[in-house]
Amino acid sequence: MSEVRRQAAALLQRPNWGWQDEAACRGREVVLFFGPDGERQPEREIRERKAKTVCAACPVRAECLTYAISRPEKYGTWGGLNEDERSSERRRRMRRANAA
Ligand code: SF4
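Residues numbered from 1 in each chain as written. Predicted model: local features only at pLDDT ≥ 70, side-chain atom pairs only at ≥ 80, totals over all residues. Heavy atoms only, no water.

Undergrad: Help me understand the overall build of the protein in this model?
TA: Scanning the protein for helices and strands turns up five helices and zero strands. Counting from the amino terminus, the protein carries its helices and strands in the arrangement α-α-α-α-α. The buried share of the protein, reckoned over its 100 residues, is 27%. Partitioning the contacts of the protein with sequence separation of at least 6, the portion at a separation of at least 24 is 44%. By element, 53% of the accessible surface of the protein is carried by carbon and sulfur atoms, the whole surface being about 7,600 Å². (Helix = DSSP H or I, 4+ residues; strand = E, 2+ residues; numbered from the N terminus. Buried < 20%, exposed > 50% of the residue type's maximum accessible area, 1.4 Å probe, protein only. Contact = heavy atoms within 4.5 Å. Areas by Shrake-Rupley, 256 points an atom, 1.4 Å probe, with all protein chains shown as cover.)

Undergrad: Looking at this model, I keep getting lost on the site of the ligand. Mind explaining?
TA: Lining the immediate surroundings of the ligand are Trp19, Ala23, Ala24, Cys25, Phe33, Val54, Cys55, Cys58, Arg61, Cys64, Thr77 and Gly79. Contributing elements (two or more residues each) for the shell around the ligand: helix H3 (41-56) and helix H4 (61-69). Its residues assigned to classes, the shell around the ligand comprises nine nonpolar, two polar and one charged. (Near = heavy atom within 4 Å. Nonpolar A, V, L, I, M, F, W, Y, C, P; charged D, E, K, R; others polar.)

Undergrad: Which parts of the structure should I look at to understand the pattern of salt bridges?
TA: When charged atoms on two side chains of opposite charge get close, those side chains can pair. One pass over the structure, following the stated rule, counts eight salt bridges. In this structure, Glu48 engages Arg44 in a salt bridge whose closest nitrogen and oxygen atoms are separated by 3.1 Å. Within this pair, Glu48 and its partner Arg44 are both found in helix H3, separated by four residues, close to a single helical turn. With a shortest N-O distance of 2.7 Å, Glu83 and Arg44 are connected by a salt bridge. With Glu83 in helix H5 (residues 83-99) and Arg44 in helix H3, this residue pair connects regions lying 39 residues apart in the sequence. A cluster of three or more residues bridged by salt bridges with shared partners is formed by Arg44, Glu48 and Glu83. (Salt bridge = Lys/Arg side-chain N within 4 Å of Asp/Glu carboxyl O.)

Undergrad: How do you make sense of the packing of H4 against H5 when you look at a structure like this?
TA: In a pair of packed helices, the angle between the axes and the distance between the axes together describe the arrangement. Orientation of H4 relative to H5, taken along the N-to-C sense of each, is 85 degrees, at an axis distance of 10 Å. The orientation of H4 relative to H5 falls into the category roughly perpendicular. Between H4 and H5, the contacting residues are Leu65, Thr66, Ala68 and Ile69 on the first element and Arg86, Glu89, Arg90 and Arg93 on the second. Across the contact of H4 with H5, the residue classes tally to three nonpolar, one polar and four charged. (Axes fitted to C-alpha atoms, helices over the stretch in contact; angles between N-to-C directions. Parallel < 35°, antiparallel > 145°, perpendicular 65-115°, else oblique.)

Read these as layout, nothing more, since geometry by itself doesn't imply function.
Right, dumping it as structure tokens:
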């Protein structure tokens, strides 16, 4: 296979979404994980706590978190972590990878 065809094939590869079939959040209100516009901090904390409770029992939590960390997912609760927590986790994983 030529280099051009190999690169085109790589670009056309779709991510594996299979893990989402097992997601505990399937069928749940999206707003629980992303929040409404203009949400105030106290409501946000309550909502995130509820979302994290769902994530804690999710069988694909690790896959979800790895997916969200590997992409520019700036918003929402993924894998039981909010935006700030994912940024910290992303940095932690990068430090660990660089140290290896
Ligand atoms: S970890 Fe949370 S956001 Fe991710 S698939 Fe599971 S329930 Fe949904």
